[in-house]
Amino acid sequence: MATIIRVKIANGHKPQVDAIVEANPGTTPDQAAQQWVAQRYGDWITANLTEAFSFRNVGVAQFDVMFSSPDHARAFREAIGGQEVADGA
């Protein structure tokens, strides 16, 4: 069973996403957000929790991260924030 945490991206991080768009012509804001989320949060998750996770529904305003372990999802939520939105297989 998987646990999904939804995280809203604070407006203060928007310049970082915008910088990716500016540095990579043809990159959409959502593509830039995917890169930024993977780097910022993916690296943290891999270093601190697990390698068993995936990002979903990544956009400039929010993203979902799916964990195979509810314990890892809880640890992420406590350290980073977010809200559990669904459980699924």
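See the structure printed just above.
We now turn to the structure provided with this report. On a predicted model such as this, the values are computed, not experimentally measured, just so you know.

## Some details on the overall build of the chain
- Regarding its fold elements, the chain presents 3 helices and 4 strands.
- The helix and strand sequence of the chain, counted from the amino end, reads β-α-α-β-β-α-β.
- For 89 residues, the compact-globule estimate of 2.2 N^0.38 gives 12 Å, and the chain sits close to it at 13 Å.
- Its C-alpha atoms put the chain at 40 × 25 × 20 Å along the principal axes.
- Counting only residues that meet the buried cut, the chain has 31% of its 89 residues in that class.
- Restricting to contacts in the chain with at least 6 residues of sequence separation, those with at least 24 account for 59%.
- Positive and negative side-chain charges in the chain, numbering 7 and 10 respectively, have mean positions lying 5 Å apart.

## Points about the nonpolar core
- Counting 17 residues, the largest nonpolar core has Ile5, Trp36, Val37, Phe63, Val65, Phe67 and Phe76 as the members making the most contacts within it.
- Counting residues per element, the ones that place at least two in this core are β1 (2-8), α1 (14-23), α2 (29-48), β3 (62-67) and α3 (70-79).
- When residues of this core are assigned to their parent elements, the largest contribution, 6 residues, is made by α2.

## Brief notes about the pattern of salt bridges
- On inspection of all chains with the given rule, the structure shows 4 salt bridges.
- Note that arginine 74 and aspartate 71 form a salt bridge whose closest N and O atoms lie 2.3 Å from each other. Of this pair, arginine 74 and aspartate 71 both sit in helix α3, separated by 3 residues, roughly a single helical turn.
- For aspartate 71, a relative accessible area of 48% gives the class partly exposed.
- Notably, a salt bridge pairs glutamate 84 with arginine 77, separated by 3.8 Å at the nearest N-O pair.
- Since its relative accessible area comes to 39%, glutamate 84 is described here as partly exposed.

## Points about the environment of glutamine 31
- Note on placement: glutamine 31 falls in helix α2.
- When its relative accessible area of 38% is taken as the criterion, glutamine 31 is described as partly exposed.
- Taking the C-alpha atoms as reference points, glutamine 31 and valine 21, 10 residues apart in sequence, are found 8.3 Å from one another.
- A distance of 2.8 Å separates a polar side-chain atom of glutamine 31 from the backbone nitrogen of threonine 28.

## Considerations on α2
- For α2, with 20 residues, the first-to-last C-alpha span of 28 Å sits near the 28 Å given by 1.5 Å per residue.
- Of all bends in α2, the biggest is about 30°, found at glycine 42.
- Looking at the packing, one finds that the buried side of α2 touches α1, β2 (53-56), β3 and α3.

Rules behind the numbers
Residues numbered from 1 in each chain as written. Predicted model: local features only at pLDDT ≥ 70, side-chain atom pairs only at ≥ 80, totals over all residues. Heavy atoms only, no water. Helix = DSSP H or I, 4+ residues; strand = E, 2+ residues; numbered from the N terminus. Rg over C-alpha atoms; globule rule 2.2 N^0.38 Å. Buried < 20%, exposed > 50% of the residue type's maximum accessible area, 1.4 Å probe, protein only. Contact = heavy atoms within 4.5 Å. Lys, Arg positive; Asp, Glu negative; His and termini not counted. Charge placed at Lys NZ, Arg CZ, Asp CG, Glu CD. Core = buried A, V, L, I, M, F, W, Y, C linked by side-chain atoms within 4.5 Å. Salt bridge = Lys/Arg side-chain N within 4 Å of Asp/Glu carboxyl O. Polar contact = N/O pair within 3.5 Å; in protein donor to acceptor, adjacent residues only side chain to side chain. Expected span 1.5 Å × (residues − 1). Bend = angle between axes of the 7 residues up to and from the residue.

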